Amino acid sequence: MATDDVMVAALLREREGLVQSGLTDRIASVDEQLKLHGYEPVDEKGASTKPSTRSTTPKGRKTRSSETT
């Protein structure tokens, strides 16, 4: 999620790293700081705080064919 607030952007990056590391106690403290800056963080199931993964090819792109040489 893009934001113009530099502090919120930094906190979101920090939170993403903590989620990947599984440090739930520290995630809660970052969430508190985000709230103080007027940003309401979403829970662990929210897409905006977790890295996005693609299961399908983006529209308009072709998948690579499997090469056998």
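For the structure itself, consult the block above.
These figures come from a predicted structure and were not determined experimentally.

Participant: Looking at this model, I keep getting lost on the overall build of the protein. Mind explaining?
Facilitator: Scanning the protein from N- to C-terminus turns up two helices and zero strands. Going through the 69 residues of the protein one by one, you find that 22% of them count as buried. Taking as baseline every contact in the protein between residues at least 6 positions apart, the subset at least 24 positions apart corresponds to 42%. Approximately 5,900 Å² of the protein is accessible, and the part contributed by carbon and sulfur atoms is 48%.

Participant: Just checking my understanding: could you explain helix α1 (residues 6-21) for this structure?
Facilitator: Structural remark: α-helix, 3.6 residues per turn; residues separated by three or four positions point the same way. The end-to-end C-alpha distance of α1, which contains 16 residues, comes to 23 Å, matching closely the 22 Å that a straight helix rising 1.5 Å per residue would cover. Residues Val8, Ala9, Leu11, Leu12, Arg15, Leu18 and Val19 constitute the buried set of α1. Each element contacted by the buried residues of α1 is listed here: α2 (24-36). Taking the backbone nitrogen of Met7 as reference, a side-chain oxygen 3.1 Å away marks Asp5 as the first, capping residue of α1.

Participant: Sorry, what's going on with the nonpolar core here?
Facilitator: Side chains that are nonpolar tend, in soluble globular proteins, to be buried together. One finds Val8, Leu11, Leu12, Leu18, Val19, Ile27, Val30, Leu34 and Tyr39 forming the largest nonpolar core, which totals nine residues. Every element with two or more residues in this core is listed here: α1 and α2. Ranked by residues supplied to this core, first place goes to α1 with five residues.

Here is what the cut-offs are and how they apply
Residues numbered from 1 in each chain as written. Predicted model: local features only at pLDDT ≥ 70, side-chain atom pairs only at ≥ 80, totals over all residues. Heavy atoms only, no water. Helix = DSSP H or I, 4+ residues; strand = E, 2+ residues; numbered from the N terminus. Buried < 20%, exposed > 50% of the residue type's maximum accessible area, 1.4 Å probe, protein only. Contact = heavy atoms within 4.5 Å. Areas by Shrake-Rupley, 256 points an atom, 1.4 Å probe, with all protein chains shown as cover. Expected span 1.5 Å × (residues − 1). Polar contact = N/O pair within 3.5 Å; in protein donor to acceptor, adjacent residues only side chain to side chain. Core = buried A, V, L, I, M, F, W, Y, C linked by side-chain atoms within 4.5 Å.

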